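Structural characterization, general
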Amino acid sequence: MEAQVATFAVKKGLAQMLKGGVIMDVVTAEHARIAEDAGAVAVMALERVPADIRAHGGVARMSDPELILQIMDAVSIPVMAKCRIGHFVEAQILEAIGVDYIDESEVLTPADEAHHINKHPFKVPFVCGCRNLGEALRRVGEGAAMIRTKGEAGTGDVVEAVRHARSVLGEIRRLQGMAEEELMAYAKEIGAPYELVVETRQLGRMPVVNFAAGGIATPADAALMMQLGVDGVFVGSGIFKSGDPAKRAAAIVKATTHYKDPYILAEVSRNLGDPMVGRQISSIPEAELIAQRGW
Amino acid sequence: MKIGVLALQGDFAEHMVVLNRLGVEAVEVRHAKQLEGLDGLIIPGGESTTIGKLAVDFNLLEPLRQYGKEKPIWGTCAGAIFLSKDAHRHQPLLGLMDITVERNAFGRQVASFEVDVEIPMLEKIQPGGGPYHAVFIRAPLIEAVHGRAQALACLEDGRIIAAQENHWLATVFHPELTADDRFHRYFLQMAGYN
């Protein structure tokens with residue numbers, strides 16, 4: 001048998017290697033090195049962290065490939081990069097420069113208001129955001145090899161991350177209790193592919209790795225998401241918008257490993273300096289909420 | 001029989017599923033004291049830099065080295081890197097196995113692959129078991145084996161993908177990601193399980 005590349009097993013497999021880890025947003029090669037030294041399992045290369053995208057306004061697009069390439073040169077861990085929802089040409093470009101994972105992300109301004117990218121033909125794997133199980137399984141149906149609950153990026157407020165993780169994990173628990181003949185109606189109700197609903201029920205978990213994202217700013221936030229039952233965490237603005245990024249990054253990594261140990265969580269939470277200022281989500285006008293992008 | 005799986009980061013849960021299926025008790029190891037009473041330890045796939053840093057931060061390097069002097073350890077992918085003496089890069093390593101590894105030897109994720117490999121030593125585990133289907137994810141290679149370390153499996157072109165030295169085992173691919181449990185059974189034999 002010839003070697004086969006880009007199979008779903010190897011796409012999903014890289015996400016399995018990231019489990020129990022922290023993926024950090026970085027905007028420079030220097031940030032990327034700080035993240036790697038702090039124990040990040042991967043970095044997300046982008047021009048502006050979500051908090052700055054919010055503040056800046058305007059259209060948010062894929063980052064300059066030059067910046068992403070510099071970050072890829074700077075570290076030995078996997079490098080992810082974001083393209084706009086539905087913008088399959090940005091995805092083609094990211095694949096051409098060799099990023100390890102593409103995040104088809106609602107944090108950028110959507111390029112298509114009805115369709116996500118058909119991710120199956122790509123050699124590079126994709127991670128996509130979701131707020132509930134139906135949205136997650138639609139993305140997996142399109143070829144996503146990893147899922148992250150969306151939360152509300154760039155806020156430092158963990159409440160939406162909790163809401164979305166509870167929604168997905170709660171729906172999976174509900175699914176476990178259903179009879180087989182109820183599954184088709186349930187698939188219809190949540191708008192998910194039937195086969196993936198069946199698979200999720202059988203596995204008792206999402207068929208791909210599921211991280212939490214959007215608003216995680218402290219070691220306690222990371223441990224909270226882990227205790228709720230996600231496989232790992234993305235931290236965006238929470239690290240490099242804080243007073244001491246290197247220290248906070250290392251603390252969040254430790255908290256993600258020892259998420260069940262309150263003594264270690266207490267220890268790593270000490271003297272971290274100022275967290276990102278953040279923005280309470282209930283104060284944000286609905287039209288400015290990022291998580292509702294994606295269909 | 002009780003096998004520990006280093007649970008600092010990576011796909012430790014996948015290893016535990018296979019061990020449980022084989023009727024073996026599997027426990028997560030995050031602290032040195034959890035090494036007590038284990039018949040063997042698996043270091044899973046993950047990011048070797050993350051696992052190494054956490055092992056240093058939580059004072060596990062020396063206890064793991066001491067443990068390895070007496071008991072079997074198996075490292076898969078990142079675990080194989082962590083077991084090695086030399087990874088061509090400044091990062092924390094256990095330095096138990098006399099092997100040189102090259103990280104990300106096949107390139108970035110788009111080059112990750114799966115392939116059938118002929119591994120004659122698996123005949124001892126299951127006669128007539130056929131080729132082994134191996135999954136490589138941003139995988140390292142075992143560039144060279146030295147001293148008492150021996151190559152256990154190679155790709156068709158001769159590059160080394162598994163090695164053993166005494167009671168230490170290194171595989172650069174991921175037996176925990178496939179249904180074929182011959183490598184887990186091999187390791188359990190090394191740990192004295194019949």
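Residues numbered from 1 in each chain as written. Chains lettered and ligands numbered in written order. Predicted model: local features only at pLDDT ≥ 70, side-chain atom pairs only at ≥ 80, totals over all residues. Heavy atoms only, no water.

Some thoughts on the sheet that holds strand E7 (residues 113-117) of chain B
Taken in spatial order, the three strands make up an open sheet running E1(A)-E7(B)-E8(B), and their pairing is antiparallel. The two strands at the open ends of the sheet, each matched to only one other strand, are strand E1 (4-5) of chain A together with strand E8 (132-136) of chain B. (Pairing = 2+ DSSP bridges. Helix = DSSP H or I, 4+ residues; strand = E, 2+ residues; numbered from the N terminus.)

A word on the nonpolar core
Membership of the largest hydrophobic core comes to 130 residues, with the highest contact counts inside it found for Met225 of chain A together with Phe136 of chain B. Counting residues per element, this core draws most heavily on helix H12 (residues 245-257) of chain A, at six residues. (Core = buried A, V, L, I, M, F, W, Y, C linked by side-chain atoms within 4.5 Å. Buried < 20%, exposed > 50% of the residue type's maximum accessible area, 1.4 Å probe, protein only.)

Remarks on a negative patch on the surface
Together, Glu2 of chain A together with Asp116, Glu118 and Glu156 of chain B make up a negatively charged patch on the protein surface. Within the secondary structure, Glu118 of chain B is located in the loop between E7 and E8. (Patch = residues over 30% accessible without salt bridge, like charges linked within 9 Å, V, L, I, M, F, W, Y side chains within 5 Å. Areas by Shrake-Rupley, 256 points an atom, 1.4 Å probe, with all protein chains shown as cover. Salt bridge = Lys/Arg side-chain N within 4 Å of Asp/Glu carboxyl O. Lys, Arg positive; Asp, Glu negative; His and termini not counted. Charge placed at Lys NZ, Arg CZ, Asp CG, Glu CD.)

A closer look at the confidence of the model for chain B
Taken residue by residue, chain B gives an average pLDDT of 97. The fraction at 70 or more is 100%. Reported confidence for the predicted complex is 0.97 by ipTM and 0.98 by pTM. (pLDDT = per-residue confidence, 0-100.)

Quick word on the pattern of salt bridges
Residues and elements named next belong to chain A. With the rule as written, the count across this model stands at 30 salt bridges over all chains. Across the pair Glu142 and Lys119 runs a salt bridge whose closest N-O atoms are separated by 2.8 Å. Taken together, the residues Glu142 in the loop between helix H6 (133-141) and strand E7 (146-149) and Lys119 in the loop between strand E5 (101-105) and strand E6 (126-130) connect sequence positions 23 residues apart. Residue Glu135 is joined to Arg131 by a salt bridge in which the shortest nitrogen-to-oxygen separation is 3.0 Å. Classification of Arg131 as partly exposed rests on a relative accessible area of 23%.

A few points about the environment of Met178 of chain A
Residues and elements named next belong to chain A. Following the sequence through the fold, Met178 ends up in the loop between helix H7 (159-176) and helix H8 (183-190). Since its relative accessible area comes to 11%, Met178 is described here as buried. Met178 sits 23 residues away from Arg201 along the chain, and the two C-alpha atoms are 8.5 Å apart. Non-local contacts of Met178, meaning those with residues more than four positions away in its chain, are made with Leu183, Tyr186 and Arg201. (Contact = heavy atoms within 4.5 Å.)

Overview of the sheet that holds strand E9 (residues 232-235) of chain A
Residue and element names in this part refer to chain A. With parallel pairing, the eight strands of this closed barrel are ordered in space as E2-E3-E4-E5-E6-E7-E8-E9. Averaged over all neighbouring strand pairs, the angle between strand axes comes to 30°, with direction disregarded. As judged from the four bridges shared by strand E2 (residues 22-26) and strand E3 (residues 42-45), these two strands associate in the parallel manner. Its bridge partner lying in E3, Asp25 is registered against Met44. Where H6 meets the sheet, its contacts fall on E6 and E7, and the angle it forms with E6 comes to roughly 160°. (Axes fitted to C-alpha atoms, helices over the stretch in contact; angles between N-to-C directions.)

Here's the deal with helix H1 (residues 12-21) of chain B
Listed in full, the buried residues belonging to H1 of chain B are Phe12, Glu14, His15, Met16, Val18 and Leu19 of chain B. Backbone geometry just after H1 of chain B places Gly23 of chain B at a positive phi near 80°.

Quick look at the pairing of E3 of chain A
Residues and elements named next belong to chain A. Neither face of E3 is left uncovered, since the one carrying Ala42 and Met44 and the one carrying Val43 and Ala45 both have all their residues buried. The parallel pair E2 and E3 is bridged by helix H2 (residues 29-38), and the resulting crossover is right-handed. Both E3 and strand E4 (residues 79-84) contribute to a ladder of three bridges, which runs parallel. Note that in E4 the partner of Val43 across the bridge is Val79. (Right-handed = clockwise from strand over helix to strand, strands pointing away.)

Notes on the interface of chain A and chain B
Listed per partner, the contact involves 43 residues of chain A and 39 residues of chain B. Interface area for chain A against chain B, summed over the two sides, is near 3,100 Å², with a carbon-plus-sulfur share of 58%. The interface formed by chain A and chain B contains five salt bridges. Residue Glu14 of chain B is joined to Lys19 of chain A by a salt bridge in which the shortest nitrogen-to-oxygen separation is 2.8 Å. At the boundary of chain A and chain B, one finds 22 residue pairs in polar contact (both at pLDDT 80 or more). Looking at the side of chain A that touches chain B, the elements that each hand over two or more residues are E1, helix H1 (8-18), H2 and H12 of chain A. Among the elements that line the side of chain A that touches chain B, the one with the most residues is H1 of chain A, at eight residues. For the side of chain A that touches chain B, the per-class residue count stands at 22 nonpolar, 11 polar and 10 charged. Examined bridge by bridge, E1 of chain A and E7 of chain B share two bridges and lie antiparallel to one another. (Buried area = accessible area lost by both parts, 1.4 Å probe. Polar contact = N/O pair within 3.5 Å; in protein donor to acceptor, adjacent residues only side chain to side chain. Nonpolar A, V, L, I, M, F, W, Y, C, P; charged D, E, K, R; others polar.)

Considerations on unusual backbone geometry
Residue and element names in this part refer to chain B. A positive phi angle is found at Asn104, which is not glycine, with a value near 45°. With respect to the element layout, Asn104 can be found in the loop between strand E6 (97-102) and E7. Look at Asn104 and you get partly exposed, because its relative accessible area is 23%. For Arg138, which is not glycine, the phi torsion reads 40° and is therefore positive. By the secondary structure assignment, Arg138 is in the loop between E8 and strand E9 (141-145).

What about the packing of aromatic side chains?
This structure, assessed with the given rule, holds 10 aromatic pairs over all chains. When the centroid spacing of 5.7 Å and the interplanar angle of 70° are considered together, the rings of Phe211 of chain A and Phe234 of chain A count as edge-to-face. Remark: Phe234 of chain A occurs in strand E9 and Phe211 of chain A occurs in strand E8 (residues 209-212); sequence separation between them is 23 residues. In this pair, the class of Phe211 of chain A matches that of Phe234 of chain A, namely buried. An angle of 50° between the planes, with centres 5.6 Å apart, marks the rings of Tyr132 of chain B and Phe173 of chain B as tilted. Note that Tyr132 of chain B is positioned in strand E8 and Phe173 of chain B in the loop between strand E12 (168-171) and helix H5 (182-190), a separation of 41 residues in sequence. Take Phe173 of chain B: its relative accessible area is 0%, and that puts it in the buried class. Members of the aromatic cluster, each reached through a chain of ring pairs, are Phe106, Phe113, Tyr132, Phe136, Phe173 and Phe183 of chain B. (Phe/Tyr/Trp six-rings, centres within 6.5 Å; stacked < 30°, edge-to-face > 60°.)

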